[in-house]
Amino acid sequence: LAQADRPQEVAVATRLLRQIRTMARSSFLPLLLVAALFVVPAFVPSPAPRSVPNTAATSAAAGLLPLLVVQPAMAEDYMMPPSWPFLLIFAVLASALLVVGNFIFPGKK
């Protein structure tokens, strides 16, 4: 009986080795492309020389920055809806989901 199973085991092993070789061949190109992504630089520098930043414009922008931070964007035109109803609905739905889950799957007692 043991020798009768041998040809079947050999056939299974042969099929398994064939599948492994096929997977190795088919995964070579995607692995090569992933490796190329790490080797090739993402951004190619431009051939134009970099210009020196304008210090007057930079200092003016830095001086005006506190004035921009103080004023909220669209303060007059936009009224934010109250958020407590959304929080209440979320809390009720999450609690209901947990309670229903405990009724369906009560666990070991």
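Quick note: structure is the one above.
Only a predicted model underlies this, so the values are computations on that prediction, with no experimental measurement involved.

## Considerations on a nonpolar patch on the surface
On the surface, Val 99, Val 100, Phe 103, Ile 104 and Phe 105 cluster together into a nonpolar patch covering about 590 Å² of accessible area. One can find Val 99 in helix α4 (residues 84-104).

## Regarding helix α2 (residues 28-39)
The terminal C-alpha atoms of α2 lie 16 Å apart, and with 12 residues this matches the ideal 16 Å at 1.5 Å per residue to within 8%. Among the 12 residues that make up α2, 0 are buried, leaving the element largely open to the surroundings.

## Overview of α4
Spanning 21 residues, α4 covers 30 Å between terminal C-alpha atoms, matching the ideal 30 Å at 1.5 Å per step. By the criterion of burial, α4 is predominantly exposed, with just 0 of the 21 residues buried.

Scoring rules and cut-offs
- Residues numbered from 1 in each chain as written.
- Predicted model: local features only at pLDDT ≥ 70, side-chain atom pairs only at ≥ 80, totals over all residues.
- Heavy atoms only, no water.
- Patch = residues over 30% accessible without salt bridge, like charges linked within 9 Å, V, L, I, M, F, W, Y side chains within 5 Å.
- Areas by Shrake-Rupley, 256 points an atom, 1.4 Å probe, with all protein chains shown as cover.
- Salt bridge = Lys/Arg side-chain N within 4 Å of Asp/Glu carboxyl O.
- Helix = DSSP H or I, 4+ residues; strand = E, 2+ residues; numbered from the N terminus.
- Expected span 1.5 Å × (residues − 1).
- Buried < 20%, exposed > 50% of the residue type's maximum accessible area, 1.4 Å probe, protein only.

Purely geometric stuff here, so don't read any function into it on its own.
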